[in-house]
Amino acid sequence: MKFFVDTADIDAIRELNDLGMVDGVTTNPSLILKSGRDILEATKEICDLVDGPVSAEVVAIDFDQMLKEGEHLASIADNVCVKVPMTWAGLRVCKLLSDAGTAVNVTLCFSANQALLAAKAGASYVSPFIGRLDDINVDGMDLIRDIREIYDNYDIQTEILAASIRSANHMKEAALIGADVATAPPKVIQDMIKHPLTQAGLDQFVKDAQQAGIRIV
Ligand code: E4P
């Protein structure tokens, strides 16, 4: 499973990128707001830093303006992936940009039928939102499972980009189901390393090494 980082915080992206943990980046208007950055500048900087696709989201909801925004975002760098909402206008823009060779991520996916439509429109990625479904007492992982099964039934190439990931356990579940990508906030990726037995074992080894006077270099 590929790891995308769900943030516009360039320092956080750099830190994980240096560790080889970043296969791509996703942003959205809320993350841009949080970063306090200009979307065009931030997207350019992230694209220069990261090898993989960087999702940058349109803000218009009408077709004409959305297409203009999508084309402009796509012109920033070769690795920009234009993110459009799951609406008919979004799918029209998806079809046009995909046909022109631009990667498109269809976001705000909350049903398997929507994921089928995104694939038909030529999306490179579809983003089912796990956490926001969990928030309304619907198991978000069931949606990932359904999309995986449907895409596999028809050998659909659109990648399932598990989004709205809120915990390290979400990462494990998405990987078990076979999501192609999971996009997660930096803290969730950092939390994946945590295990109390690792910490307890390390504490004991450090103590014993001191008692034994072990010195390696
Ligand atoms: C990423 O592409 C999504 O916009 C993001 O994962 C949404 O996460 P949230 O539901 O925690 O805001």
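Now for a quick tour of the structure. This is a predicted model, so every value here is computed, not measured. (Residues numbered from 1 in each chain as written. Predicted model: local features only at pLDDT ≥ 70, side-chain atom pairs only at ≥ 80, totals over all residues. Heavy atoms only, no water.)

**Some details on helix α5 (residues 88–99)**
For α5, which comprises 12 residues, the first-to-last C-alpha distance of 16 Å matches the rise-based estimate of 16 Å (1.5 Å per residue) to within 8%. The complete set of buried residues in α5 reads A89, G90, L91, V93, C94, L97 and S98. The inward-facing, buried residues of α5 abut α4 (63–74), β4 (80–85), β5 (104–109) and α6 (112–120). Backbone geometry just after α5 places G101 at a positive phi near 95°. (Helix = DSSP H or I, 4+ residues; strand = E, 2+ residues; numbered from the N terminus. Expected span 1.5 Å × (residues − 1). Buried < 20%, exposed > 50% of the residue type's maximum accessible area, 1.4 Å probe, protein only. Contact = heavy atoms within 4.5 Å.)

**Notes on the site of the ligand**
D6, T26, N28, K83, F129, R132, A163, S164, R166 and T183 make up every residue found near the ligand. The contact in question runs from an oxygen atom of the ligand to an N or O atom on the side chain of D6, over 2.6 Å. S164 places a side-chain nitrogen or oxygen 2.7 Å from an oxygen atom of the ligand. When the free accessible area of the ligand is taken as 350 Å², the share hidden by the protein chains comes to 85%. (Near = heavy atom within 4 Å. Polar contact = N/O pair within 3.5 Å; in protein donor to acceptor, adjacent residues only side chain to side chain. Areas by Shrake-Rupley, 256 points an atom, 1.4 Å probe, with all protein chains shown as cover.)

**Brief notes about the packing of aromatic side chains**
Throughout the structure, instances matching the rule amount to 2 aromatic pairs. Note that R92 overlies the ring of F63, its terminal NZ or CZ placed 3.6 Å from the centroid. (Phe/Tyr/Trp six-rings, centres within 6.5 Å; stacked < 30°, edge-to-face > 60°. Lys NZ or Arg CZ within 6 Å of the ring centre and 35° of its normal.)

**Section: the packing of helix α1 (residues 10–18) against helix α3 (residues 39–49)**
Interhelical geometry of α1 versus α3 gives an angle of 10° and a closest axis separation of 11 Å. It follows from the interaxial angle that α1 and α3 lie roughly parallel. Counted together, I10, I13, R14 and N17 of α1 and E45, I46 and L49 of α3 form the full contact between these two elements. Residue composition of the contact of α1 with α3, by class: 4 nonpolar, 1 polar and 2 charged. (Axes fitted to C-alpha atoms, helices over the stretch in contact; angles between N-to-C directions. Parallel < 35°, antiparallel > 145°, perpendicular 65-115°, else oblique. Nonpolar A, V, L, I, M, F, W, Y, C, P; charged D, E, K, R; others polar.)

**Re the side chain of T107**
Tracing the backbone through its elements, the reader meets T107 in strand β5. Sequence-distant contacts of T107, defined by excluding residues within four places in its chain, comprise E57, K83, V84, P85, M86, S127 and F129.

**Looking at the pattern of salt bridges**
A side chain of one charge can pair with a side chain of the opposite charge if their charged atoms are brought near each other. Inspection of the entire model under this criterion finds 12 salt bridges. Measuring nitrogen to oxygen at the nearest pair gives 2.8 Å for the salt bridge that ties D99 to K95. Placement of both D99 and K95 in helix α5 is noted, with a separation of 4 residues, approximately one turn of the helix. Looking at D99, the relative accessible area reads 56%, which means it is exposed. Looking at K95, the relative accessible area reads 38%, which means it is partly exposed. Between R148 and D152 there is a salt bridge, with the nearest N and O atoms lying 3.2 Å from each other. Of the two residues, R148 and D152 are both situated in helix α8 (residues 140–153); the distance of 4 residues between them amounts to about one turn of the helix. (Salt bridge = Lys/Arg side-chain N within 4 Å of Asp/Glu carboxyl O.)

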